[in-house]
Structure formats: structure tokens, C-alpha cells
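So you can see what is in the structure, the chains are spelled out below.
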Amino acid sequence: MLLAHLVSSMAARRQMFMDTETTDSGWDEGHATFYGDMTCAETMEGACGYGDLFKQGYGTDTAALSTALFNNGLTCGACFKIKCYDDPEWCYPGVSIVVTATNFCPPNYLKKEDIWCNPPLKHFDLSMYRRVLCSKKGGVRFHIKGNPWWTLVLLYNVGGAGDIIDVKIKGSSTEFWWPMVRSWGMNWQTGVVLVGQSLSFQVTTSDGKMIEFDNVAPADWKFLQIFDGGLNF
């Protein structure tokens, strides 16, 4: 519970630019636990596929979500405002922070106590939250992985709603926009051969907003390269 105290103390500077718009108008109740240490080693390489959270720009302002909130990974990248509610012993009443969903807190159906991540509980690091819009610097980023016959793209640094529900890809030599299939977390895949073509993407977030990212990767792109789309939600 020490982490709850520390992150609450950082809320003032986070709230200044995150409290202007919301995607949910009301608040919902949740619960509080903590895992890992202040190095964040335990939270890296999480279930959303973001890898090193410091390199991806998420830092320590992140959370693992319980089954009721994780939505099989579709909530990856969404931002939530969390504030203390009716538990002044462990957190500061009235103080809020914003976290990004980057990991999954798995349920344990064998335990009889401390089953915070089991359905239907909504679980974060504190006890009250609402979902808000994400504020990101720079454009949506595309990390291209895979092989010549299979392309896997990790999308991150997504603003606005933060979580993605649909991705389409198009090569400069292809006629159609090809739907990508979510592999896991925010990794999206396609079996269309696209090597040697510049790549464009259509990305739709959970609030229905779509941005077309034209020619994100040049024709000579290589696997494992990361490209900034130049636009954001």
C-alpha cells in the first residue's frame, strides 16, 4: 500500500492537463493493491505488449487491470483517473492521479481471500476511478515486427480514448485497405505480403474516431523499426 501513498502525492501536476476532458462522466468504485517495486521491473513486458514502459513513454503512471476491465486486451492504452474514496488510512482523500492500462491482473479462482482481480471486481491501485482522455506527445507510433510473410505491428503512444478497436493497413502497391487482426495486447497482425512497399494505416479508437496515417513507413522499411505517425487523437 506504500505505492498508493506515493503516486497520490504526484497527482497535482498530473491533473493539470488530464482533467479537461473525459470519456466517462461518472465515477465508479474499485479497489487497491500493489505489485512490484519502485524500479518497475515487475511491470515491464506486460500483457499489452508495450515492453519497456520507460522507452514507450508510459513510465510509472500505469496499472494492471482486472478481468472486468481488461476486456481481453482491448482496454490496453486507455487512461483512467483514480482518486481515494472512503479509505483515508491508505490514501489522500480528494487527490487524483491518471494511469494508463498497460498490463493484466490475472484472476485466481483457487484463492478464497485477496481475490481482487477475479470477476466481477474492477481493480486498480486505488479505490475510485473514472476513464479520461489520454494526453500524449508526438504521433501514434508503429513498431513493425514479423517476417516477409507475416507482419506484426505494435501501436502505442495513442492519445484520446487510448485503446484501439480496429486497424487497417495498405501498401503503396496494394489496391485495398486490409483489416489487421489483433494478436495480443496492442499487437496487430496481417498475412498480406507488404515488403518493399510504403505502409499506411487507418486506426480507430474505442470512441469511434479514425485517423488515416499515410506513408508512415517508407518503401525501404525494415522489421523492428519504429515509425512516428505524425498525428494523434
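Residues numbered from 1 in each chain as written. Predicted model: local features only at pLDDT ≥ 70, side-chain atom pairs only at ≥ 80, totals over all residues. Heavy atoms only, no water.

**Digging into the nonpolar core**
If you look at the biggest cluster of nonpolar residues, it comprises 43 residues, and the most contacted ones within it are Tyr50, Phe142, Leu155 and Phe201. Setting aside chain neighbours within four positions, we find Phe201 in contact with Phe142, Val153, Val167, Lys168, Ile169, Trp177, Met180, Ile211, Glu212, Phe213 and Val216. (Core = buried A, V, L, I, M, F, W, Y, C linked by side-chain atoms within 4.5 Å. Buried < 20%, exposed > 50% of the residue type's maximum accessible area, 1.4 Å probe, protein only. Contact = heavy atoms within 4.5 Å.)

**What to know about unusual backbone geometry**
With an omega of 5 degrees, the peptide bond running from Pro119 to Pro120 counts as cis. Relative to the helices and strands, Pro120 is located in the loop between β5 (96-104) and β6 (123-124). Residue Asn157 is not a glycine yet carries a positive backbone phi of 60 degrees. Inspection of the secondary structure puts Asn157 in the loop between β9 (150-156) and β10 (164-171). The exposure class assigned to Asn157 is buried, which follows from its relative accessible area of 6%. (Helix = DSSP H or I, 4+ residues; strand = E, 2+ residues; numbered from the N terminus.)

**What about the sheet that holds β10?**
On the basis of which strands lie adjacent, the open sheet formed by four strands has the order β11-β10-β14-β15 and antiparallel pairing. Sheet topology places β11 (178-179) and β15 (210-217) at the edges, where each strand pairs with a single neighbour. One ladder, built from seven bridges, connects β10 with strand β14 (residues 199-205); its direction is antiparallel. Note that in β14 the partner of Gly171 across the bridge is Leu199. (Pairing = 2+ DSSP bridges.)

**A short note on the confidence of the model for the protein chain**
Low pLDDT marks regions whose predicted coordinates should not be analysed in detail. Across the protein chain, the average pLDDT comes to 83, with 84% of residues at or above 70. Here residues 1-20 is a poorly scored stretch, pLDDT under 50, and it has 35 contacts once near neighbours within four places are set aside; other chains count. (pLDDT = per-residue confidence, 0-100.)

**With respect to the pairing of β5**
Summarising burial for β5: eight of the nine residues are buried, a large majority. Pairing between strand β3 (residues 62-65) and β5: four bridges, direction parallel. Bridge pairing in β5 places Thr62 opposite Thr100. Sheet topology places strand β4 (residues 79-83) next to β5; five bridges connect them, and they run antiparallel. Among the inter-strand pairings, Ile82 is bridged to a residue of β5, identified as Ile97.

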